[in-house]
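# Secondary and tertiary structure notes
Each chain is listed here by its residues.
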Amino acid sequence: MGSVQRAMRLLETVASHPYGAPAKQLARETGLALPTTYHLLRTLVHEGYLHRDKGLFFLGDATERLARGGAQQKRRSMVADTLAHWRDSIGVPVYYAMYRDGEIEVMCVSASQQAPAVEEWADFRETGHAHAIGQCLLSQLDEEARRDHLSRYPVRPLTPYTVRDDDALLRRLARTRRMEPTVERQEYAVGTVCAAVPITVGATAATMAISLPAHQADRLLPAARRLQTEIGRHLGSLALSISI
């Protein structure tokens, strides 16, 4: 534990010197014995947390990766906290998803005992035609990208309400109005209705969605509209965070 604490002190001290610092100065500023300082500096250089150039020590790539990872974790935490707030205030589970590298990725789900999420009984990535998240993301793509997705994940019936074939889905997507919630009623899971709101994150297609039991279908659109309003109010502060 003592060695870890001393190493952390050295890292913090090096970080305070953007133009580098020599070992003797680092030993003096940390209050460490010079032999101990040299030993720790060699270890930190070997592990990539520091690098040495002309007798001066600088932060290394491994330290920078830690910093980026910490910032990313903070952004994810911000998204999770925001979704949890909307979940509790609107009374529905909230999902956040993106379309990246040709795949549907559900990035975060905020659910509770009072607002349970839909059970992923069929892979969300492969069944975008059947749920509101996938339909909303696909509606934001151009025709070529949609057909490419369907060539890899063709339409297949999941329930009696699922769209029947690729052409029918493409026609539906073409009719989708920009920035309008996408609504799906029991197409992915019998007994569940869903709505998804499109989000612009640079050039990336993204969405936030909600789900409800089918017997509460009358709540779906009002809840989706409320979510859309909340997103509009907070999108500026969330813009960086939701690009996780």
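Anyway, here's the lowdown on the structure attached to this text. (Residues numbered from 1 in each chain as written. Predicted model: local features only at pLDDT ≥ 70, side-chain atom pairs only at ≥ 80, totals over all residues. Heavy atoms only, no water.)

### Some remarks on the packing of aromatic side chains
Going through the model one piece at a time under the given rule, you end up with two aromatic pairs. Measuring from ring centre to ring centre gives 6.0 Å for tryptophan 121 and tyrosine 188, while their planes differ by 45°; the resulting arrangement is tilted. Of this pair, tryptophan 121 sits in the loop between strand 4 (103-110) and helix 5 (132-139) while tyrosine 188 sits in the loop between strand 5 (182-185) and strand 6 (192-201); the two residues are 67 residues apart in sequence, bridging distant segments of the chain. By relative accessible area, tyrosine 188 is classed as buried at 2%. Measuring from ring centre to ring centre gives 5.2 Å for phenylalanine 124 and tyrosine 188, while their planes differ by 45°; the resulting arrangement is tilted. Here tyrosine 188 lies in the loop between strand 5 and strand 6 and phenylalanine 124 lies in the loop between strand 4 and helix 5, a separation of 64 residues in the sequence. You'll find phenylalanine 124 and tyrosine 188 in the same group, each marked buried. Taken together, the aromatic side chains of Trp121, Phe124 and Tyr188 make up a single cluster linked through ring pairs. (Phe/Tyr/Trp six-rings, centres within 6.5 Å; stacked < 30°, edge-to-face > 60°. Helix = DSSP H or I, 4+ residues; strand = E, 2+ residues; numbered from the N terminus. Buried < 20%, exposed > 50% of the residue type's maximum accessible area, 1.4 Å probe, protein only.)

### Things to note about the nonpolar core
Counting 27 residues, the largest nonpolar core has Tyr99, Val118, Ile133, Leu137, Leu138, Leu169 and Tyr188 as its most contacted members. Every element with two or more residues in this core is listed here: strand 3 (94-100), helix 5, helix 7 (166-175), strand 6 and strand 7 (204-213). Looking at which element gives the most residues to this core, the answer is helix 5, with five residues. The residues touching leucine 169, leaving out its near neighbours within four places in the chain, are His129, Gln135, Leu138, Leu150, Val155 and Val163. Grouped together as the second largest cluster of nonpolar side chains are 22 residues, Leu83, Val94, Cys108 and Leu227 included. (Core = buried A, V, L, I, M, F, W, Y, C linked by side-chain atoms within 4.5 Å. Contact = heavy atoms within 4.5 Å.)

### What about empty space enclosed by the protein?
Under the definition given, this model contains one cavity of 30 Å³ or more. Looking at the lining of the largest cavity, the elements that each hand over two or more residues are helix 5 and strand 7. Looking at side-chain class alone, the lining of the largest cavity contains nine nonpolar, one polar and one charged residues. (1 Å grid on protein atoms, 1.4 Å probe; cavity = no way out; pocket = protein on both sides within 12 Å on 5 of 7 lines; lining within 4 Å. Points joined across faces, edges and corners; volume = space filled by probe spheres on them. Nonpolar A, V, L, I, M, F, W, Y, C, P; charged D, E, K, R; others polar.)

### Details of the pattern of salt bridges
Within the structure shown, the criterion is met by eight salt bridges. With a shortest N-O distance of 3.2 Å, arginine 100 and glutamate 105 are connected by a salt bridge. Under the relative-accessibility criterion, arginine 100 is labelled partly exposed at 27%. Classification of glutamate 105 as partly exposed rests on a relative accessible area of 24%. One salt bridge connects glutamate 180 with arginine 225, and the closest N-O pair in it is separated by 3.1 Å. Of this pair, glutamate 180 sits in the loop between helix 7 and strand 5 while arginine 225 sits in helix 8 (residues 220-238); the two residues are 45 residues apart in sequence, bridging distant segments of the chain. For glutamate 180, a relative accessible area of 27% puts it in the partly exposed group. (Salt bridge = Lys/Arg side-chain N within 4 Å of Asp/Glu carboxyl O.)

### Focus on helix 5
Within helix 5, eight of the eight residues are buried, leaving the element largely enclosed by the surrounding structure. Those residues of helix 5 lying buried are Ala132, Ile133, Gly134, Gln135, Cys136, Leu137, Leu138 and Ser139.

### Section: the pairing of strand 7
Across the 10 residues of strand 7, eight count as buried, placing the element largely inside the fold. As defined by bridge partners, strand 3 adjoins strand 7 across six bridges and the pair is classed as antiparallel. In the sheet register, alanine 97 faces strand 7, and the bridge partner there is threonine 207. (Pairing = 2+ DSSP bridges.)

### Considerations on the environment of glutamate 184
Examined against the element boundaries, glutamate 184 turns out to sit in strand 5. Residues glutamate 184 and leucine 169 lie 15 residues apart in sequence; the distance between their C-alpha atoms is 12 Å. With near-sequence residues (within four places) excluded, glutamate 184 lies in contact with Ala130, His131, Ala132, Gln135, Thr192, Val193 and Cys194. Of the polar contacts made by the side chain of glutamate 184, one reaches the backbone nitrogen of tyrosine 188; its length is 3.4 Å. (Polar contact = N/O pair within 3.5 Å; in protein donor to acceptor, adjacent residues only side chain to side chain.)

### Quick notes on the side chain of glutamine 228
Here glutamine 228 shows up in helix 8. You can call glutamine 228 buried: its relative accessible area is 19%. Ignoring anything within four residues of it in the chain, the contact list for glutamine 228 reads Met179, Pro181 and Val197.

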